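Each chain, written out:
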Amino acid sequence: MSIFANEFMIRAFIGAVVIGLTAPALGIYLVQRRMSLIGDGVGHVALTGVGVGLLLDKSPVLTAVVVSAVGAIAIELIRERGRTSGDVALALLFYGGIAGGVMLVGLSGSRSNANLMTYLFGSLATTSRSDLILIVVLGAVVLGLALGLRPALFAASHDEEYARVSGLPVRALNLLVAVLTAVTVTISMRAVGLLLVSALMVVPVATAQQVARGFVATMGLAMVLGVTAAGSGVWLAWEIDTALGATIVILAIAGFLIVAVAVAATRAVRKRAALRAGRPDRGPGRPVPADAEPPEVVLDRS
């Protein structure tokens, strides 16, 4: 039976493609700011939002968006003021989010435990039409802002001081990235789960960085890799009957390893070719070219 013969798998495929585009498009800014793990922290805060939704019998996705956005903004303000270091701030997100989510789920009744597992580990195949519409709309908003504000967001992520001197509203841009991260995490939790969501935001970017040159090229390739991993993950999970979210992440990591090995092999081949062509790399014991500048410090070996 074809994967597209079932309506729920069509919804799963569309949702995966949207998330595969959105997550790397925003994740590249987090990688640039060396805050790759913030997706995990926001994901744990989103767990509290899911618990609020289950407790109040409201849409867990909507409540998770609100709660995780508030948490992301709070942690960004704490980081900006310098009162708490980045790792401590992330720890607050991790532990507070988990504790709050578990407590609220416990208050909402034991029947919610099964539903909670779908948000922890992903269950895109059970996505309803309303959930899919929400994923597409929010994903389009995040993608539009990530691409439309690319120059300003890149400047603020690469060098905050330079961006501030240039007249850019750095605080507003940082808060925007925090909110977009929260939104991306909450719409991605239906695909890969809150415990794995950060992987889809970081791994395609890390893979693209190995072969692409320049920010724009890296972002474009990361989005292509994200869509490929997400779409292929849906198909493979259907064929071999595995967890959809875990399959997507495994494919993304496999792609990273394949590219890493290929890049290393290519560099080794080029190095050997350079040695055979009489252009050896500088190294211990090799002669220094005559036109090379003298070293500033010479060690006394006597």
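Residues numbered from 1 in each chain as written. Predicted model: local features only at pLDDT ≥ 70, side-chain atom pairs only at ≥ 80, totals over all residues. Heavy atoms only, no water.

**Some points on the overall build of the protein**
Each helix and strand in the protein was counted, giving twelve helices and zero strands. In the protein, the succession of helices and strands from N to C terminus is α-α-α-α-α-α-α-α-α-α-α-α. For the protein, the residues scored as buried account for 43% of the 302 residues in total. Within the protein, counting contacts between residues at least 6 apart in sequence, those at least 24 apart form 74% of the total. (Helix = DSSP H or I, 4+ residues; strand = E, 2+ residues; numbered from the N terminus. Buried < 20%, exposed > 50% of the residue type's maximum accessible area, 1.4 Å probe, protein only. Contact = heavy atoms within 4.5 Å.)

**Looking at the packing of helix 10 (residues 197-209) against helix 12 (residues 244-276)**
Contact geometry for helix 10 and helix 12: axes closest at 9 Å, N-to-C directions at 20°. Judged on the interaxial angle alone, helix 12 and helix 10 are roughly parallel. Once helix 10 is placed against helix 12, the crossing between them reads as left-handed. Across from Ala-199, Leu-200, Val-203, Ala-206 and Thr-207 in helix 10, the residues of helix 12 making contact are Ile-248, Val-249, Ala-252, Ile-253, Gly-255, Phe-256 and Val-259. Each residue belonging to the contact of helix 10 with helix 12 can be placed in one class, and the counts come to ten nonpolar, two polar and no charged. (Axes fitted to C-alpha atoms, helices over the stretch in contact; angles between N-to-C directions. Parallel < 35°, antiparallel > 145°, perpendicular 65-115°, else oblique. Left-handed = near helix turned anticlockwise from the far one by under 90°. Nonpolar A, V, L, I, M, F, W, Y, C, P; charged D, E, K, R; others polar.)

**Examining the packing of aromatic side chains**
Across all of its chains, the model carries two aromatic pairs by this definition. Both rings, one in Tyr-29 and one in Phe-215, keep their centres 5.7 Å apart while their planes meet at 45°; by these two values the pair is tilted. Of this pair, Tyr-29 sits in helix 1 (residues 7-32) while Phe-215 sits in helix 11 (residues 215-240), and the two are 186 residues apart along the sequence. Across this residue pair, the class does not change: Tyr-29 and Phe-215 are buried. Between the aromatic rings of Phe-154 and Phe-215, the centroid separation amounts to 4.6 Å while the plane-to-plane angle is 50°, which identifies the pairing as tilted. Taken together, the positions of Phe-154 in helix 7 (residues 150-158) and Phe-215 in helix 11 put the pair 61 residues apart, joining distant regions of the chain. Of the residues examined, Phe-215 reaches a relative accessible area of 14% and is grouped as buried. (Phe/Tyr/Trp six-rings, centres within 6.5 Å; stacked < 30°, edge-to-face > 60°.)

**Focus on unusual backbone geometry**
Phi is positive for Asp-241, close to 60°, though the residue is something other than glycine. Here Asp-241 lies in the loop between helix 11 and helix 12. Relative accessible area serves as the criterion here: at 70%, Asp-241 is assigned to the exposed category.

**As for the side chain of Thr-181**
Of note, Thr-181 is situated in helix 9 (residues 170-188). A polar contact of 2.7 Å, which involves the side chain of Thr-181, links it to the backbone oxygen of Val-177. Excluding residues within four positions of it along the chain, Thr-181 makes contact with Leu-26, Leu-30, Ile-38, Val-42 and Met-201. (Polar contact = N/O pair within 3.5 Å; in protein donor to acceptor, adjacent residues only side chain to side chain.)

**Notes on the confidence of the model for the protein**
Averaged over all residues, the pLDDT of the protein equals 79, while 80% of them reach at least 70. Residue range residues 295-302 is modelled with pLDDT below 50. Its contacts to residues more than four positions away, or to other chains, number zero contacts. (pLDDT = per-residue confidence, 0-100.)

**Considerations on the packing of helix 6 (residues 129-148) against helix 9**
The contact between helix 6 and helix 9 brings their axes to 10 Å, and the two run at 150°. For the element pair helix 6 / helix 9, the angle class is roughly antiparallel. Viewed along their axes, helix 6 and helix 9 form a crossing whose handedness is left-handed. Counted together, Ile-135, Leu-138, Gly-139, Val-142 and Leu-145 of helix 6 and Leu-176, Leu-180, Val-183, Thr-184 and Ile-187 of helix 9 form the full contact between these two elements. A class-by-class count of the residues in the contact of helix 6 with helix 9 yields eight nonpolar, two polar and no charged.

**As for a nonpolar patch on the surface**
Where nonpolar side chains cluster on the molecular surface, the patch consists of Ile-133, Val-137, Val-141, Leu-145 and Leu-149 and spans about 390 Å² of accessible area. With respect to the helices and strands, the residue Val-137 is situated in helix 6. (Patch = residues over 30% accessible without salt bridge, like charges linked within 9 Å, V, L, I, M, F, W, Y side chains within 5 Å. Areas by Shrake-Rupley, 256 points an atom, 1.4 Å probe, with all protein chains shown as cover. Salt bridge = Lys/Arg side-chain N within 4 Å of Asp/Glu carboxyl O.)

**Comments concerning helix 10**
The buried fraction of helix 10 amounts to ten of the 13 residues, a majority that puts the element mostly inside the structure. In the core, the buried residues of helix 10 are packed alongside helix 1, helix 2 (38-56), helix 9, helix 11 and helix 12.

**Comments concerning the side chain of Ser-157**
Turning to its location among the elements, Ser-157 is positioned in helix 7. Judged by relative accessible area, which is 9%, Ser-157 ranks as buried. In this structure Ser-157 touches Tyr-29, Gln-32 and Arg-33, once residues within four positions along its chain are discounted.

**Focus on the environment of Gly-71**
Positionally, Gly-71 belongs in helix 3 (residues 60-81). On the basis of relative accessibility, which here comes to 15%, the residue Gly-71 falls in the buried class. For the pair Gly-71 and Ala-178, spaced 107 residues apart in the sequence, the C-alpha separation amounts to 8.9 Å.

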